[in-house]
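# An overview of the molecular structure
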Amino acid sequence: MATFKDALRYPLIKAGLLFLFLAIILAFISMYGVPKSGNWHGNLQQGQYLIGDSQFEKEYFINNRTLMLYSQNASVIIVHGNKVDAYRLNNNSVTLNPLSQPQINVESGNVSYVYDVEGVQYPYSSLAWIAFISMLVGSVLSLIGYVRFMEDLKGG
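Below or above, wherever it landed, is the structure these notes cover. (Residues numbered from 1 in each chain as written. Predicted model: local features only at pLDDT ≥ 70, side-chain atom pairs only at ≥ 80, totals over all residues. Heavy atoms only, no water.)

## Some points on the side chain of Ser71
Summarising the element assignment, Ser71 is placed in strand β3 (residues 61–71). On the basis of relative accessibility, which here comes to 3%, the residue Ser71 falls in the buried class. Ignoring anything within four residues of it in the chain, the contact list for Ser71 reads Leu89, Asn90, Asn91, Asn92, Asn110 and Val111. (Helix = DSSP H or I, 4+ residues; strand = E, 2+ residues; numbered from the N terminus. Buried < 20%, exposed > 50% of the residue type's maximum accessible area, 1.4 Å probe, protein only. Contact = heavy atoms within 4.5 Å.)

## Examining a nonpolar patch on the surface
A cluster of nonpolar side chains, contributed by Phe19, Leu22, Trp129, Phe132, Ile133, Met135, Leu136 and Val137, occupies part of the molecular surface with about 740 Å² of accessible area. A per-element tally of the nonpolar patch places helix α4 (residues 127–155) first, with six residues. Relative to the elements of secondary structure, Met135 occurs in helix α4. A relative accessible area of 31% means that Met135 is categorised as partly exposed. (Patch = residues over 30% accessible without salt bridge, like charges linked within 9 Å, V, L, I, M, F, W, Y side chains within 5 Å. Areas by Shrake-Rupley, 256 points an atom, 1.4 Å probe, with all protein chains shown as cover. Salt bridge = Lys/Arg side-chain N within 4 Å of Asp/Glu carboxyl O.)

Function-wise, these values are silent; they only describe arrangement.
Spelled out as structure tokens, the structure:
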């Protein structure tokens, strides 16, 4: 009578399980994230401004954006994503969580801003594809190994 240990020692099943184990390890490595934050601040006069760093926005998966505007007397329009917000600031501030890198149009007055961005980069994310292929190969090898192991048991 064959035991579970005999099945695990069968070459194709063993190879399949090794590929599956490799797939799990590679999948965990691919989820490693490197946090990064950016902070931009300054004063804006009349005109159009794209706040932040476009390269930072492309390289990192952005978790949080916070934009704080302050003015004694200004009119601003903020474009972020598909959304357009208009504000009239009179000795007050407004705090927003933009959907994307904000574009600020200062219609009148001067505006002070602080823009904080928190993001994560996944430098080993391409290993996820290798993990996926390893998972497929491991599954196929294990299945074929199981079928052959059962045939060997039946025949012998």
